[in-house]
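# Analysis of the macromolecular model
For reference, the chains in residue letters:
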Amino acid sequence: MTEQPSGPYGPLIAMPELTPDALRAAVAKIAPSRIPALIQHLFEATTNAQATSSLAPLRAFVHSWAVFVAIERHPERAARLRVLERVVDEGEMDPTEAIAEIRSIRETAEREAGL
């Protein structure tokens, strides 16, 4: 783990190492309902890596789940992201500002994850 929780407004958990096992353990703590999706994604990534003789599918898996953990370990950030995604999905408002904020949240998460 790379960062320790900091006070009552800090992250729920420290950022885990960027390995499938560490990411799975982190998801089990902060979003256990997402474990089946993580396992399915890992199975597909492993199968695709073997079929293509490339590590790219496994790298994509780690990137995707590291960003997910980096976002979800901060409940306020995760809730804000869901609100912004609804704005974009519903299509009732101009999504430009929501898309920019989504991009910012994801970029922050990538930096926290060391990607």
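Residues numbered from 1 in each chain as written. Predicted model: local features only at pLDDT ≥ 70, side-chain atom pairs only at ≥ 80, totals over all residues. Heavy atoms only, no water.

### Focus: the overall build of the protein
- Along the protein, the regular secondary structure elements total five helices and zero strands.
- The N-to-C order of helical and strand elements in the protein reads α-α-α-α-α.
- For the protein, the spread of C-alpha atoms along the principal axes amounts to about 45 × 35 × 25 Å.
- Per-residue burial for the protein yields a buried fraction of 34% across its 115 residues.
- For the protein, the proportion of contacts with a sequence separation of at least 24, taken over those separated by at least 6, is 49%.
- For the protein, the centre of its 12 positive side-chain charges and the centre of its 16 negative side-chain charges are spaced 5 Å apart. (Helix = DSSP H or I, 4+ residues; strand = E, 2+ residues; numbered from the N terminus. Buried < 20%, exposed > 50% of the residue type's maximum accessible area, 1.4 Å probe, protein only. Contact = heavy atoms within 4.5 Å. Lys, Arg positive; Asp, Glu negative; His and termini not counted. Charge placed at Lys NZ, Arg CZ, Asp CG, Glu CD.)

### Some remarks on the packing of helix H1 (residues 20-30) against helix H3 (residues 56-72)
- The N-to-C vectors of H1 and H3 enclose an angle of 30°; their axes lie 10 Å apart at closest approach. Considering only the axes of H1 and H3, their crossing is left-handed. In contact with Pro20, Leu23, Ala26, Val27 and Ile30 of H1, H3 contributes Phe61, Val62, Trp65, Ala66, Phe68, Val69 and Glu72.
- The residue inventory of the contact of H1 with H3, partitioned by class, reads 11 nonpolar, no polar and one charged. (Axes fitted to C-alpha atoms, helices over the stretch in contact; angles between N-to-C directions. Left-handed = near helix turned anticlockwise from the far one by under 90°. Nonpolar A, V, L, I, M, F, W, Y, C, P; charged D, E, K, R; others polar.)

### Description of helix H2 (residues 35-52)
- The terminal C-alpha atoms of H2 lie 25 Å apart, and with 18 residues this matches the ideal 26 Å at 1.5 Å per residue to within 8%.
- Among the structural elements, H1 and H3 are those in contact with the buried residues of H2.
- Two residues or fewer past H2, serine 53 is found with a positive phi of approximately 50°. (Expected span 1.5 Å × (residues − 1).)

### Remarks on the packing of H1 against H2
- Following both chains from N to C, one finds H1 and H2 inclined at 165°, their axes separated by 10 Å at the closest point. Judged on the interaxial angle alone, H2 and H1 are roughly antiparallel. In the packing of H1 onto H2, the handedness of the crossing is right-handed. Counted together, Pro20, Leu23, Arg24, Val27 and Ala28 of H1 and Ile35, Leu38, Ile39 and Leu42 of H2 form the full contact between these two elements.
- For the contact of H1 with H2, the residue count by class is eight nonpolar, no polar and one charged. (Parallel < 35°, antiparallel > 145°, perpendicular 65-115°, else oblique.)

### So, H1
- Along H1, the residues classified as buried are Ala22, Leu23, Ala26, Val27 and Ile30. Buried residues along H1 cover an arc of 135° about the axis, so they all sit on one side.
- Elements that come into contact with the buried residues of H1 comprise H2 and H3. (Arc of directions from axis to C-beta.)

So far we have only geometry, and geometry alone does not tell us how the molecule works.
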